[in-house]
Amino acid sequence: MARRRPETPGESAFPGFGKVFYNRRASGGYRGRRWRPPREILVSLTTTYRVKAYLSKCGHLLLDQRLEEQRQLYNAALEERLTAWRMARTSLGRTHQSKELTAIRAAMPEYGETHRRISVGTLDRLDRAYQRYTQSLAELGRVRSGSMEGPPRLVRWDAKDRQWRPLCGQPRFKSGERFRTLECHAGAERFLRISQSARKGYLRVKGLPRLEFRWDERLPMIVHGTPTQPLYVKITRTARRVTISMSYAIGEAPEKPATGPVNPVGLHPGVTQRMTVTSDGSPILLERRRRDLATKARLQRKQDRQRRKAIRSGIATWERTATGRYRFVWRRIDGSDAGSARYGQGYRKTRRQAARLDQAEQETNIGLLHEVSSQLVREHDAIFIEAPGIRDMTRSAAGDLESPGEGVNRQRQLNRSVLEQTWGRFAEMLEYKAERAGIPFVRVPSPYMSQTCGQCGVVDPASRRSRDHFHCVSCGFDVDAEDNAAHNVLAQGLTMLGPGAGGTPPRRRPPRLPTGGVPPVAAENPVATGFT
């Protein structure tokens, strides 16, 4: 379905969009609404189950059509918000745009054929992106004014321009490759069907194809013989399959124990080994599983050849975006949309093969992380993990024309090695699983963890002889560097818990000392260090 270009400023390609926002500011907003205090909400834990969906050939074609329609709706809603702010300085919200869906569904039959809550879920997705962007701007103002309490989370430090910038940028228009999910939140009843005899489940949504999946006892869907409807449903098309994500409420979080931990664990992230886990002096190395590296390299070289051949033929070019980056587009240099079907199909086929290979590696990696994180939560009653600044560690060293960087290729290889470890995803898994189990989970700051001696507590960069070797210049303590850092994380985590939870009283971290060290400092909690 092709969208027509707006003919006048403020007019949208979708009927109903862009007709009301001019008078909202003059009329004083929505009248007749009385403010009411928020109701008390009982916060409970939720869990999401992801299953593989099975569709027919016609079902795949119908799903692609619905994804394209919702993508156009997303872009039209974003265009309306931007136009309203540019022309009238008016901020449109999700409620205002949801009311306009009635006119859209009446004027465009393809949207009337789909359940209304699918379109509402698309508008919710845009509204969440705007909320993150607004929170990032608000936090940026607090950081610049000096009124920020605690470490900033939604802003980043730009070392090139030497200023703080928002971490969440303004929402962007979605291309076909970046819009692959349909959402349907609570309120849509009778979508889910379960056949216990055939051990199958069915998801039937108006306007979408029938989605079938395998049912087992792990999915909490049967209560007294009746299938329970999820809180929300997400249908996602990936490179290898179509998946269904269903969210359920599993009750309130258990209270954390008042006594101190008996079997705590400390975790230190690494590059060669993703994570060093230590408990009672026994390290466990969590290595990353890679698969088909030679095939990935071959597909990458094939893409480069196809891209260069298309550019030489004049049917593709590099196009600069508004953010200053370049993207590869199938378009003649003179601007005509005459991409070659032969070169375009071969290039897209190669990209799909590479995407399927990447997803297979990603799924293997996620399965490994789930196994290890569940084992750690079962075997320990307190988890402490080092929180490295991943964004600062993987910052580009290229510089600019006036001051080019040094060791750019070496830093680029290090950045790739750091990012492929997926430290953040592993920490998120541990956090929500620890919350369900009711055990403490603490993120320990990373400064000086690899330079502190676990025996005497002296901080000296010279003690880190190499990547794998730690030799204290003060007391002569010799140990593996990763193991020493993991024990420091465990000791500092117990300190951060405080005396009420069984940890040591908070104390100031030793300052960074010059090479040569100072007389050893007695550790306040020698049992927590693990080196006794």
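It should be noted that the structure appears before, not after, this text.
Residues numbered from 1 in each chain as written. Predicted model: local features only at pLDDT ≥ 70, side-chain atom pairs only at ≥ 80, totals over all residues. Heavy atoms only, no water.

Trainee: When you look at the state of the cysteines in this model, what are you seeing that I'm missing?
Mentor: Any covalent bond linking the sulfur atoms of two cysteines counts as a disulfide. Under the definition given, this model contains zero disulfides. Looking at cysteine 475, it has no disulfide partner, and the nearest cysteine sulfur is the one in cysteine 456, 3.6 Å off. Among the residues examined, cysteine 475 registers a relative accessible area of 37% and is labelled partly exposed. (Disulfide = S-S within 2.5 Å. Buried < 20%, exposed > 50% of the residue type's maximum accessible area, 1.4 Å probe, protein only.)

Trainee: What is the right way to look at the sheet that holds strand β5 (residues 192–195) in this model?
Mentor: The strands that make up a sheet pair up through hydrogen bonds in the backbone, lying either parallel or antiparallel. A sheet is described by the order of its strands in space; here three strands give the open sequence β5-β6-β7, paired in antiparallel fashion. Edge positions in the open sheet fall to β5 and β7 (211–214), since each of these has one partner strand only. Neighbour to neighbour, the strand axes of the sheet diverge by 20° on average, direction disregarded. In this structure, β5 lies alongside strand β6 (residues 200–203), joined through four bridges in antiparallel fashion. When the sheet's bridge partners are listed, serine 195 is paired in β6 with lysine 200. (Pairing = 2+ DSSP bridges. Helix = DSSP H or I, 4+ residues; strand = E, 2+ residues; numbered from the N terminus. Axes fitted to C-alpha atoms, helices over the stretch in contact; angles between N-to-C directions.)

Trainee: When you look at the sheet that holds strand β11 (residues 242–251) in this model, what are you seeing that I'm missing?
Mentor: The sheet built from four strands is open, its strands ordered β1-β11-β10-β4 with antiparallel pairing. Edge positions in the sheet fall to β1 (45–53) and β4 (181–184), since each of these pairs with one other strand and no more. Strand-to-strand twist across the sheet, computed as the mean angle between neighbouring axes with direction ignored, equals 20°. Two elements, strand β10 (residues 232–237) and β11, share six bridges in a ladder whose sense is antiparallel. Residue isoleucine 235 lies in a different strand from β11, and its bridge partner there is isoleucine 244.

Trainee: It is not clear to me how the packing of aromatic side chains should be interpreted in this structure. Could you clarify?
Mentor: A ring pair, where both rings are aromatic, is described by two values, the distance of the centres and the angle of the planes. According to the stated counting rule, one finds four aromatic pairs in the structure shown. Relative to phenylalanine 328, the ring of tryptophan 318 has its centre 5.5 Å away and its plane inclined at 65°; by these criteria the two rings are edge-to-face. Placement of the pair is tryptophan 318 in strand β15 (residues 317–320) and phenylalanine 328 in strand β16 (residues 326–329), with a sequence separation of 10 residues. Put simply, the rings of Trp318, Phe328 and Tyr347 touch in pairs and so form one group of aromatic residues. Directly above the aromatic system of tyrosine 74 lies the positively charged group of arginine 125, at a separation of 6.0 Å from the ring centroid. In this arrangement the basic side chain of arginine 307 is found over the ring face of phenylalanine 328, its NZ or CZ atom lying 5.4 Å from the centre. (Phe/Tyr/Trp six-rings, centres within 6.5 Å; stacked < 30°, edge-to-face > 60°. Lys NZ or Arg CZ within 6 Å of the ring centre and 35° of its normal.)

Trainee: Teacher, can you tell me more about the layout of surface pockets here?
Mentor: Regions of empty space are outlined by a rolling probe, equal in size to a water molecule, passed over the atoms. Taken as a whole, the second largest pocket encloses approximately 1000 Å³ of empty space. For the second largest pocket, the lining is made up of 26 residues, of which Pro152, Ala387, Pro388, Gly389 and Ile390 are closest to its centre. (1 Å grid on protein atoms, 1.4 Å probe; cavity = no way out; pocket = protein on both sides within 12 Å on 5 of 7 lines; lining within 4 Å. Points joined across faces, edges and corners; volume = space filled by probe spheres on them.)

Trainee: Can you walk me through unusual backbone geometry in this structure?
Mentor: Leave glycine aside and you will find that most residues have negative phi; peptide bonds, for their part, are mostly trans. If you check the backbone angles, arginine 89 has positive phi at about 55° while not being a glycine. Looking at the secondary structure, you find arginine 89 in the loop between α2 (57–88) and α3 (94–99). Under the relative-accessibility criterion, arginine 89 is labelled partly exposed at 47%.

Trainee: Would you mind showing me how to read the pattern of salt bridges here?
Mentor: Opposite charge on two side chains permits them to pair, given that their charged atoms come into close proximity. Summed over all chains, the structure comprises 16 salt bridges. Between glutamate 113 and arginine 66 there is a salt bridge whose closest N-O contact spans 3.3 Å. Of the two residues, glutamate 113 is situated in the loop between α5 (109–112) and α6 (116–145) and arginine 66 in helix α2; the sequence distance between them amounts to 47 residues. Residue classification places arginine 66 among the buried positions, given a relative accessible area of 5%. (Salt bridge = Lys/Arg side-chain N within 4 Å of Asp/Glu carboxyl O.)

Trainee: Quick question: what am I supposed to make of helix α11 (residues 423–437) here?
Mentor: Because an α-helix completes one turn every 3.6 residues, residues spaced three or four positions apart along the sequence face the same direction. The end-to-end C-alpha distance of α11, which contains 15 residues, comes to 21 Å, matching closely the 21 Å that a straight helix rising 1.5 Å per residue would cover. Those residues of α11 that sit buried are Trp423, Phe426, Ala427, Met429, Leu430, Lys433 and Ala434. An end-on view of α11 places all buried positions within 160° of arc, on one side of the element. A positive phi of about 75° marks glycine 438, the residue just after α11. (Expected span 1.5 Å × (residues − 1). Arc of directions from axis to C-beta.)

Trainee: Looking at this structure, I do not really get the environment of alanine 249. What am I missing?
Mentor: By the element assignment, alanine 249 lies in strand β11. Since its relative accessible area comes to 47%, alanine 249 is described here as partly exposed. Residues alanine 249 and proline 220, 29 residues apart in the sequence, show an inter-C-alpha distance of 9.6 Å.

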